[in-house]
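If you want the building blocks of each chain, they are given just below.
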Amino acid sequence: MNDFRTIIEPFRIKSVEPLRLSTREEREARLREVGFNLFGLHSADVLIDLLTDSGTGAMSAEQWAALQRGDESYAGSPSFFRFEAAVKNLFDFKHVIPTHQGRAAEKILFSVVGGRGKVVPSNTLFDTTRANVEASGATGVDLLYPAGRQPSVPHPFKGNLDVEALERLIGEHGRDQVPLVLVTVTNNSGGGQPVSLENLRAVRAVCDRHQIPLFLDGCRFAENAWFIRQREPGQAHRDVVDIVRDMASVADGMTMSAKKDGMANIGGGLALDDDAWALKCRNLLILTEGFPTYGGLAGRDLEAIAQGLSEIVQHDYLRYRVRSTEYLGEALQKLGVPIVVPIGGHAVYLDARALLPHLTPLQYPGQALAVAMYREGGVRSCEIGTVMFGLSPDGTEKPAAMDLVRLAIPRRTYTQSHMDFVIEVVERVAKQAKQLKGLRIVEQPPALRHFSARFAEL
Ligand code: F0G
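Residues numbered from 1 in each chain as written. Predicted model: local features only at pLDDT ≥ 70, side-chain atom pairs only at ≥ 80, totals over all residues. Heavy atoms only, no water.

1. So, the sheet that holds strand β9 (residues 347-351)
Right, on to step 1. Strand order in the open sheet formed by three strands is β9-β12-β11, with antiparallel pairing between adjacent strands. Both edges of this open sheet fall to β9 and β11 (382-384), since each of them pairs with a single strand only. Each adjacent strand pair in this sheet contributes to an overall mean axis angle of 35°, direction not counted.
Right, on to step 2. Bridge count between β9 and strand β12 (residues 404-408): five bridges; the pairing is antiparallel. Bridge pairing links A347 to A408 in β12. (Pairing = 2+ DSSP bridges. Helix = DSSP H or I, 4+ residues; strand = E, 2+ residues; numbered from the N terminus. Axes fitted to C-alpha atoms, helices over the stretch in contact; angles between N-to-C directions.)

Have a look at this one:
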């Protein structure tokens, strides 16, 4: 290790995309056109896009080279076998099933193991995961460790699952109703917070006692492993690859979106040990995604993911990744902007409810803050709060546990000066916090309303 104070981006830029800051008038007009829903914006009207870290990262020269190697054979392509080997190198499950993205893997898995009356416990289910659990007729239950629900309380592993609550839930419903336990690493909806190896092993012990399979939602497995290396006693000298293998070894399977720690623009998969489940999953895969050696992806996508999985576990990359996210978060803390602490792996989460105490949750403080950042400097972020989670299936509305705004950082895409610009935008918005107006919903679909609802300012 070197002893420089500055942690640089461990790459240089080979291909550039121009960015343009629109005028305030233009942004005001765009906001009105899209009903104050930032999902409706054309990305060309966005300067710095922190809507998501999913599929928005930059590929490496080696990944672009790997695309050329992509073999587009319908069945038995060598690109599939390279993909399978790269997955098994980290997650040694018997069956590896590619899908076009994470939610396709979720859809297939829960179609097989879900169903009416079933209960799927998790630390926190991501929104598409919950929707796929519920689409099967099953119920998803979030059993997050209590510290995970308090934005301002630091704890090294705020993604941990509450094992006592898990034990109680299994007692209440009976093991036959619980097809599997799903642990999301890192916990995206709870602030990008990691799960410790100790907690994974404790969950495993409960699962063993009741003979329930344990699955990972492994979207951000490498960031989780890096946090384990940094924060869990006895892990500091280990290679992250070995920590990932330890995480995998407690599980019976996983779903994954390769658009995050797969370092690819598209892709995902399902991996598991159970032969009978794998057979059913592959049969569904053929119905909805494609033949089992490509599963909804081109051969070149499989190559990009295989290469990405070898790059994501490099220590230089992970050190820069986590440090650069902290850089943004720490600067905002210095400005007095309330954020979820500790700072997560892929994103900084602003606590909009704390920053805008004059707005009630049903005036959507997270949405108001996200709109204000776009209006001020063309920065797009994402509300994770009452807009996203507040609408119950019966049509009633209630405040979400937290009203957050996520600044998700695409991998290897923006530089430190881009982040300095974002900091300046948040600083300006925070100064006007008291004047920011709440919103009301004027139009919304019955589910997943955050993607398409239209708002008006109060
Ligand atoms: N699980 C987690 C934890 C996720 O964060 C996501 C996607 C998925 C599953 C679904 O994967 O998009 O490939 O179908 N998260 C993105 C985000 C959309 O912005 O956080 P997908």
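2. Concerning the site of the ligand
Right, on to step 1. Close contacts around the ligand come from 17 residues, with T52, R103, D217, S257 and K260 the closest.
Right, on to step 2. Q101 is positioned with one of its side-chain polar atoms (N or O) 2.9 Å from an oxygen atom of the ligand.
Right, on to step 3. Within the side chain of N188, a nitrogen or oxygen atom sits 2.7 Å from an oxygen atom of the ligand.
Right, on to step 4. Burial of the ligand by the surrounding chains reaches 94%, relative to a free accessible area of 470 Å².
Right, on to step 5. Among the elements that make up the shell around the ligand, the one with the highest residue count is helix α4 (residues 102-113) (three residues).
Right, on to step 6. Considered class by class, the residues forming the shell around the ligand number two nonpolar, eight polar and seven charged. (Near = heavy atom within 4 Å. Polar contact = N/O pair within 3.5 Å; in protein donor to acceptor, adjacent residues only side chain to side chain. Areas by Shrake-Rupley, 256 points an atom, 1.4 Å probe, with all protein chains shown as cover. Nonpolar A, V, L, I, M, F, W, Y, C, P; charged D, E, K, R; others polar.)

3. Some details on the environment of Y317
Right, on to step 1. Looking at the secondary structure, you find Y317 in helix α12 (residues 315-334).
Right, on to step 2. Sequence separation between Y317 and E9 is 308 residues; the distance between their C-alpha atoms is 8.1 Å.
Right, on to step 3. Excluding its chain neighbours within four sequence positions, the residues that come into contact with Y317 are P10, M263, E311, I312, R411 and R412. (Contact = heavy atoms within 4.5 Å.)

4. Thoughts on the pairing of strand β5 (residues 181-184)
Every regular strand shows the same layout, with side chains that alternate between the two sheet faces.
Right, on to step 1. Every second residue of β5 is oriented toward a common face, with V181 and V183 on one face and L182 and T184 on the other, all of them buried.
Right, on to step 2. Relative to strand β6 (residues 214-217), β5 runs parallel, the two being bridged by four bridges. Bridge pairing links V181 to L214 in β6.
Right, on to step 3. Each parallel crossover has a hand, and the one from β5 via helix α7 (residues 197-210) to β6 is right-handed. (Buried < 20%, exposed > 50% of the residue type's maximum accessible area, 1.4 Å probe, protein only. Right-handed = clockwise from strand over helix to strand, strands pointing away.)

5. Notes on the packing of aromatic side chains
Right, on to step 1. In this structure the tally under the stated criterion is ten aromatic pairs.
Right, on to step 2. Between the aromatic rings of F11 and Y320, the centroid separation amounts to 5.5 Å while the plane-to-plane angle is 85°, which identifies the pairing as edge-to-face. Of this pair, F11 sits in the segment before α1 (24-33) while Y320 is found in helix α12, placing the two residues 309 residues apart along the sequence.
Right, on to step 3. On the accessibility criterion, Y320 (6% relative accessible area) is buried.
Right, on to step 4. When the ring of F39 is compared with that of F451, the centres are 4.9 Å apart and the planes differ by 75°; the resulting orientation is edge-to-face. Here F39 is found in the loop between α1 and β1 (48-49), whereas its partner F451 is found in the loop between β13 (439-443) and β14 (454-457), with 412 residues between them in sequence.
Right, on to step 5. Taking the relative accessible area as the measure of exposure, F39 reaches 30% and is therefore partly exposed. (Phe/Tyr/Trp six-rings, centres within 6.5 Å; stacked < 30°, edge-to-face > 60°.)

6. With respect to the pattern of salt bridges
Right, on to step 1. This model, assessed by the stated rule, comprises 36 salt bridges.
Right, on to step 2. In this structure, the salt-bridge partner of D53 is R411, at a minimum N-O distance of 2.9 Å. Separated by 358 residues along the polypeptide, D53 in the loop between β1 and α2 (61-69) and R411 in the loop between β12 and α16 (416-431) bring together distant segments of the chain.
Right, on to step 3. In this structure, the salt-bridge partner of D275 is K94, at a minimum N-O distance of 2.7 Å. One end of the pair, D275, is in helix α10 (residues 275-288); the other, K94, is in the loop between α3 (78-90) and β2 (95-99), and 181 residues separate them in sequence.
Right, on to step 4. Overlapping salt bridges, with partners in common, bring together D53, R220, E223, D261, R321 and R411 in one network. (Salt bridge = Lys/Arg side-chain N within 4 Å of Asp/Glu carboxyl O.)

7. What about a nonpolar patch on the surface?
Right, on to step 1. On the surface, a nonpolar cluster with roughly 310 Å² of combined accessible area is contributed by Y74, I286 and F291.
Right, on to step 2. Residue F291 is classed as partly exposed on the basis of its relative accessible area, which comes to 30%. (Patch = residues over 30% accessible without salt bridge, like charges linked within 9 Å, V, L, I, M, F, W, Y side chains within 5 Å.)

8. Looking at the domain arrangement of the protein chain
Right, on to step 1. Examined at the domain level, the protein chain breaks down into domain 1 (24-53 + 314-457) and domain 2 (61-311).
Right, on to step 2. Computed from C-alpha atoms alone, the centre-to-centre distance between domain 1 and domain 2 is 26 Å.
Right, on to step 3. Counting from both sides, the interface comprises 27 residues of domain 1 and, opposite them, 33 residues of domain 2.
Right, on to step 4. Regarding the contact of domain 1 and domain 2, the summed buried area is about 2,600 Å², with carbon and sulfur atoms giving 58% of it.
Right, on to step 5. Applying the counting rule to domain 1 against domain 2 returns five salt bridges.
Right, on to step 6. Residue E223 is joined to R411 by a salt bridge in which the shortest nitrogen-to-oxygen separation is 3.4 Å.
Right, on to step 7. Across the domain 1-domain 2 interface, the total number found is 19 residue pairs in polar contact (both at pLDDT 80 or more).
Right, on to step 8. Secondary structure elements with two or more residues in the side of domain 1 that touches domain 2: α12, β9 and α15 (386-389).
Right, on to step 9. Here the element with the most residues in the side of domain 1 that touches domain 2 is α12; it accounts for six residues. (Domains from an automatic or database assignment. Buried area = accessible area lost by both parts, 1.4 Å probe.)

9. What about the side chain of S54?
Right, on to step 1. Looking at where S54 falls in the secondary structure, it is placed in the loop between β1 and α2.
Right, on to step 2. A relative accessible area of 16% places S54 in the buried class.
Right, on to step 3. Beyond its immediate chain neighbours, meaning those up to four positions away, S54 contacts S257, K259 and K260.

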